[in-house]
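Spelled out from the first residue to the last, the chains are:
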Amino acid sequence: MATEALRVDLAGNNNLSRLYPREPLLSSTSTDWGGLSLQYHRQPSFDMVEHSCSQHRIIINDRNLQSPILEIFEGQNQLNPVSPGTVRVLPANARTWAHWETEHQFMMLAFEPDLLVQQIAESSNSSSVELLPIINPSDLLIYSIGLTLKAELESGGIGGRLYVHAMTTALMAHLLRHYSVQKNSLPSTVSGLPKRILRQVIDYIHEHLNQDITLATLAAIAHMSPSYFSRLFKQSTGLSPHQYVIQCRVDRAKQLLLQGKLSLAEISYSLGFTHQSHLSHHFKRLTGSSPKAFLNS
């Protein structure tokens, strides 16, 4: 991997050739569609150069790939299976690299960062919106919008520009709600993780309290980089992922102590603590009393 990533501006001519070996099968321009562009690609097995792009990009998959795509996004390695409806939200200026081993067919939507801000100006108090890098969720709405825009590009029906504008507005609203946060906001004014993703992460934590739960694992469930995930998780819960896991383990320890079926050492082991004193330390720190004092009270 090169130290300096290739810088690509899709608004320029022939810049796609710096990313892919083949020209797209279909292509619109941002001028045609009021700031949004779409390309439909069929690319052979390929090893992309590490790069960043001046525009936000959404990669929309409409075919299964026999093997996952290997991606490095902002220094984080990910192995992502590809199926119809899975997407990759790649914010402007983020460094990324990818490799796929079989022919890859996909749509790419691209737009300037200002378009997202302009579209939500009337419905948001934010003057600065940050699009989050989320890799490989299944998003049927984005998939449907992509297919609709592709069909419009192929047919060029009556009222095409108005139709595209409606799709663009729907896409921007969806990105605002599920894939973005307001910059420089206080935690109380930011929604944090989408509720569906937060529930998936919390369910995983409760189901695996006896195991080593790493930040990388939780971020992978949310399809985010660890730094973005940690930031949004704390906005949602008020705790860092590590603090939340410890809190859940102590809460479970309370329940097990009251049941009286296991010794403190057995409870410590069953909750992933390295030693009984490790549990006792966190128990007293969070509850104000030792496990023994908790039972006596």
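These remarks concern the structure in this document. Here the residue index of a chain counts from 1 through its sequence in written order. Per-residue local features are limited, in this predicted model, to residues with pLDDT of at least 70; the limit for side-chain atom pairs, both in listing and counting, is 80 or more; totals at the level of whole chains, interfaces and linings are taken over all residues. To obtain the side-chain values, all non-hydrogen atoms of the structure were included, while hydrogens and water were left out.

Okay, the overall build of the protein chain next. Each helix is a run of H or I in the DSSP string that is no shorter than four residues. Each strand is a run of E no shorter than two, and both are numbered from the N terminus. In terms of regular secondary structure, the protein chain is built from 10 helices and 14 strands. Only protein chains enter the calculation, and the probe is 1.4 Å; a residue is then buried if its accessible area is under 20% of its type maximum, exposed if over 50%, and partly exposed in between. A buried classification covers 46% of the 297 residues belonging to the protein chain. The contact criterion used throughout is that any non-hydrogen atoms of two residues lie within 4.5 Å. For the protein chain, long-range pairs separated by at least 24 residues make up 72% of all intrachain contacts whose partners lie at least 6 apart in sequence.

The criterion for strand pairing is that DSSP finds at least two bridges linking the strands in question. Within the open sheet, the six strands sit side by side as β2-β3-β11-β6-β9-β13. Their pairing is antiparallel. Only two strands of the sheet have a single partner each, and these edge strands are β2 (26–27) and β13 (134–138). Sheet topology places strand β6 (residues 56–61) next to strand β11 (residues 104–111); six bridges connect them, and they run antiparallel. Paired with Ile-58 across the two strands is Leu-109, which belongs to β11. Lines are fitted to the C-alpha atoms to define the axes, a helix being fitted only along its stretch in contact, and any angle between axes, read from their N-to-C directions, falls within 0 to 180 degrees. Along the sheet, helix α2 (residues 140–155) makes contact with β2, β3 (36–43), β6, β9 (86–90), β11 and β13, crossing β3 at roughly 90°. On top of the sheet, helix α3 (residues 160–178) reaches β3, β6, β11 and β13; it is set at about 90° to β11, its chief contact.

Here we take up the pairing of β11. Summarising burial for β11: eight of the eight residues are buried, a large majority. Neither face of β11 is open: one carries His-104, Phe-106, Met-108 and Ala-110, the other Gln-105, Met-107, Leu-109 and Phe-111, and all of them are buried.

Salt bridge, as applied in this entry: a Lys or Arg side-chain nitrogen positioned within 4 Å of an Asp or Glu carboxyl oxygen. In the structure shown here, the tally under the stated rule is six salt bridges. One salt bridge in this structure joins Lys-150 and Glu-154, with 3.0 Å as the shortest N-O distance. One end of the pair, Lys-150, and the other, Glu-154, are both in helix α2, four residues apart, so they sit about a helical turn from each other. Residue Glu-154 is classed as partly exposed on the basis of its relative accessible area of 48%.

Looking at the element boundaries, Ser-67 is found in the loop between β6 and β7 (69–73). Residues Ser-67 and Val-82 lie 15 residues apart in sequence; the distance between their C-alpha atoms is 7.9 Å.

Take the packing of aromatic side chains next. Here is the rule: rings of Phe, Tyr and Trp (six-membered ring for Trp) pair when centre to centre is within 6.5 Å. Planes less than 30 degrees apart are stacked, more than 60 are edge-to-face, and the remainder are tilted. The full count for this structure, using the stated rule, is six aromatic pairs. Pairing Phe-229 with Phe-233 gives two aromatic rings, centres 5.6 Å apart and planes at 40°, and the pair type is tilted. Of this pair, Phe-229 and Phe-233 both sit in helix α6 (residues 226–237), separated by four residues, roughly a single helical turn. Judged by centre distance (5.5 Å) and plane angle (70°), the ring pair of Phe-283 and Phe-294 falls under edge-to-face. On the criterion of sequence distance, the pair formed by Phe-283 in helix α9 (residues 276–287) and Phe-294 in helix α10 (residues 291–296) is long-range, its members being 11 residues apart. Phe-294 matches Phe-283 in its accessibility class, with the two residues each being buried. A network of ring pairs unites the aromatic residues Tyr-20, Phe-46, Trp-100 and Phe-106 as a single cluster. Both a distance and an angle decide whether a charge sits over a ring: NZ of Lys or CZ of Arg must be within 6 Å of the ring centre and within 35 degrees of the ring normal. Over the aromatic face of Tyr-40 sits the side chain of Lys-150, whose NZ or CZ is 4.6 Å from the ring centroid. Taking the ring centre of Phe-273 as reference, the NZ or CZ of Arg-249 above it sits at 6.0 Å.

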